[in-house]
Amino acid sequence: MTDELTPAQHAMSSCVGAVLTSVIMSPLDVVKIRLQAQQKPFKVGSCFIYSNGLMDCLCVCSHCHGDANSKNSVSSRIRPWYERPGHFNGTLDAFIKITRTEGVTALWSGLPPTLLMSIPSTVIYFTAYDRIKYRLGYDEHDASTCHVPVAAGILARALAVVLFNPLELLRTKMQSSRLSYFQLKEAIKISIGNNGLVFVMKGLGPSLLRDIPFSGFTRPSCLCVLMSVSLLDRLTLQNVV
């Protein structure tokens, strides 16, 4: 079997899938973060993980506007979304109250900035995964090729990590050091001048160790199971006939 989709079609389908995943999963994480903030308010410099369904993003609280119930507290309208006051009695109650008081769009607070990296990375991964898989001779009707998706998943994720590691480094440096774009630019110039272009690949090893096992075995393993089930079904039908 050959791959019938063009690279452009792969990229488009991956992009649509990535957006749909983020749209569906982000509200769940927004509610989770709001419930956590209600139980233990964030302090200046504290961090939390925001997941858009595609990528876990480290967020740093750079401002703190005091107790939400204080007379001197800043209006909830100009607070960061994760600091807005609310008295929630659970997940469903949080969904209802956030929608009623802040509008439906509040459920997707913080999503747009995280998509700038997660969508391109996802598109590259899935496009490369499918292209590599069929280049290596994958055939969904041939059980002997069930190892091919694993190799394709590892290679595709390695490619995506290598391409986006410099952006991941910049994002992490901005968040951890609270640098402005101008300060970040100067810091990068100095670092590259002292260490060369190797600087932009810092953290590549841990990133590969984090992403490759998941990408190399989760989805490919599902394909292997489906192939095995399909093969058993065909053998069963042949025996019946």
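Notes on the structure in this doc start here.

**A closer look at the packing of helix α1 (residues 7-39) against helix α2 (residues 91-102)**
Next up, step 1: Two elements in contact, α1 and α2, have axes whose closest approach is 10 Å; the angle formed by their N-to-C orientations is 95 degrees. If you check the angle between α1 and α2, you find them roughly perpendicular. Only Thr91, Ala94, Phe95, Ile98 and Glu102 of α2 make contact with α1, whose side of the interface consists of Pro27, Leu28, Val31, Arg34 and Leu35.
Next up, step 2: Along the lines of polarity and charge, the residues of the contact of α1 with α2 split into 7 nonpolar, 1 polar and 2 charged.

**With respect to α2**
Next up, step 1: Taking 1.5 Å per residue as the helical rise, α2 with its 12 residues ought to reach 16 Å, and the 16 Å between its terminal C-alpha atoms agrees with that figure.
Next up, step 2: Looking one or two residues past α2, glycine 103 carries a phi angle of roughly 95 degrees, positive in sign.

**Some thoughts on the nonpolar core**
Next up, step 1: Ranked by size, the top nonpolar core spans 15 residues in total, and within it Ile33, Phe42, Phe48, Tyr50, Trp81 and Tyr82 carry the most contacts.
Next up, step 2: At the level of secondary structure, the elements contributing two or more residues to this core comprise α1, β1 (47-51) and α3 (111-135).

**Description of the environment of serine 118**
Next up, step 1: Within the fold, serine 118 resides in helix α3.
Next up, step 2: The buried category is assigned to serine 118, whose relative accessible area is 1%.
Next up, step 3: Between the C-alpha atom of serine 118 and that of aspartate 56, which follows or precedes it by 62 residues, the distance is 9.1 Å.
Next up, step 4: With near-sequence residues (within four places) excluded, serine 118 lies in contact with Asn52, Leu54 and Met55.

**What to know about the side chain of threonine 127**
Next up, step 1: The residue threonine 127 is located in helix α3 in this model.
Next up, step 2: Note on threonine 127: relative accessible area 14%, which makes it buried.
Next up, step 3: Residues in contact with threonine 127, not counting those within four places in the same chain, are Pro7, His10, Ala11 and Ser14.

**Digging into the packing of aromatic side chains**
Next up, step 1: Per the stated rule, a full pass over the model turns up 3 aromatic pairs.
Next up, step 2: Between the aromatic rings of tyrosine 125 and phenylalanine 126, the centroid separation amounts to 4.9 Å while the plane-to-plane angle is 70 degrees, which identifies the pairing as edge-to-face.
Next up, step 3: Counting every residue linked through ring pairs, the aromatic cluster contains Tyr125, Phe126 and Tyr129.
Next up, step 4: Here arginine 157 stacks its cationic end above the ring of tyrosine 125, 4.2 Å away from the centre of that ring.

The rules behind each value
Residues numbered from 1 in each chain as written. Predicted model: local features only at pLDDT ≥ 70, side-chain atom pairs only at ≥ 80, totals over all residues. Heavy atoms only, no water. Axes fitted to C-alpha atoms, helices over the stretch in contact; angles between N-to-C directions. Helix = DSSP H or I, 4+ residues; strand = E, 2+ residues; numbered from the N terminus. Parallel < 35°, antiparallel > 145°, perpendicular 65-115°, else oblique. Contact = heavy atoms within 4.5 Å. Nonpolar A, V, L, I, M, F, W, Y, C, P; charged D, E, K, R; others polar. Expected span 1.5 Å × (residues − 1). Core = buried A, V, L, I, M, F, W, Y, C linked by side-chain atoms within 4.5 Å. Buried < 20%, exposed > 50% of the residue type's maximum accessible area, 1.4 Å probe, protein only. Phe/Tyr/Trp six-rings, centres within 6.5 Å; stacked < 30°, edge-to-face > 60°. Lys NZ or Arg CZ within 6 Å of the ring centre and 35° of its normal.

Purely spatial values, then, with no claim about function.
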